[in-house]
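Inside the fold
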Amino acid sequence: MALAVELVSPEEIVYTGEAEMVVARTTDGEIAFQPGHVPFLGVLVPSDVRVYTTDGAKTTIAVERGFVEVSHDNVALLSDSATVS
């Protein structure tokens, strides 16, 4: 089982793919999402989002302010701006 991940900025879809785990920093601190996570809605703070893909790779995405929503093994991240590094 995997998470469907999509990170969107106002200009474009920055990242889309499947992941085993996504780690993001919110106003309440850092949180990790894995398949089966309870529904969640949080406010992103400027930081790096780490996406651990199903093939064992790690993608790091620098984000500014925004939101993260988790529902039914889908992780949607909306950010003012985002850069894949």
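Above: the structure in question.
Residues numbered from 1 in each chain as written. Predicted model: local features only at pLDDT ≥ 70, side-chain atom pairs only at ≥ 80, totals over all residues. Heavy atoms only, no water.

In this section: the overall build of the protein. Helices and strands together make up the secondary structure of the protein, namely zero helices and nine strands. For the protein, whose C-alpha radius of gyration is 11 Å, the value lies close to the compact-globule estimate of 12 Å for 85 residues. Dimensions of the protein, computed from C-alpha atoms along their principal axes, come out at roughly 30 × 25 × 20 Å. Within the span of the protein, comprising 85 residues, buried residues form 35% of the whole. Partitioning the intrachain contacts of the protein with sequence separation of at least 6 by distance along the chain shows that 45% fall at a separation of at least 24. Averaging the locations of the 4 positively and 13 negatively charged side chains of the protein gives two centres separated by 10 Å. (Helix = DSSP H or I, 4+ residues; strand = E, 2+ residues; numbered from the N terminus. Rg over C-alpha atoms; globule rule 2.2 N^0.38 Å. Buried < 20%, exposed > 50% of the residue type's maximum accessible area, 1.4 Å probe, protein only. Contact = heavy atoms within 4.5 Å. Lys, Arg positive; Asp, Glu negative; His and termini not counted. Charge placed at Lys NZ, Arg CZ, Asp CG, Glu CD.)

Turning next to the nonpolar core. Counting 19 residues, the largest nonpolar core has Val5, Leu7, Val22, Phe33, Ile61, Val75 and Leu77 as the members making the most contacts within it. Secondary structure elements with two or more residues in this core: strand 1 (3-8), strand 2 (13-26), strand 5 (47-53), strand 6 (58-63), strand 7 (66-71) and strand 8 (74-79). For this core, the element with the highest residue contribution is strand 2, accounting for five residues. Ignoring sequence-local partners within four residues, the contact set of valine 22 consists of Leu3, Val5, Ile31, Ala32, Phe33, Val49, Arg50, Val51 and Val75. (Core = buried A, V, L, I, M, F, W, Y, C linked by side-chain atoms within 4.5 Å.)

Attention now moves to the packing of aromatic side chains. Counted under the stated rule, the structure contains one aromatic pair. Between phenylalanine 33 and phenylalanine 40, the aromatic rings sit 5.3 Å apart at their centres with planes inclined by 50°, giving tilted as the arrangement. According to the relative accessible area criterion, phenylalanine 33 is buried, its value standing at 0%. When its relative accessible area of 21% is taken as the criterion, phenylalanine 40 is described as partly exposed. (Phe/Tyr/Trp six-rings, centres within 6.5 Å; stacked < 30°, edge-to-face > 60°.)

Now for the pattern of salt bridges. Counted under the stated rule, the structure contains three salt bridges. Residues joined by salt bridges that share partners form a network here, namely Arg25, Glu30 and Arg50. (Salt bridge = Lys/Arg side-chain N within 4 Å of Asp/Glu carboxyl O.)

Here strand 7 shows one buried face, formed by Gly66, Val68 and Val70, and one open face, formed by Phe67, Glu69 and Ser71. Across six bridges, the pairing between strand 7 and strand 8 is antiparallel. Looking at the pairing, glutamate 69 lines up with alanine 76 of strand 8. In sequence, strand 7 turns back onto strand 8 through a hairpin of two residues, with histidine 72 there showing a positive phi of about 50°. (Pairing = 2+ DSSP bridges.)

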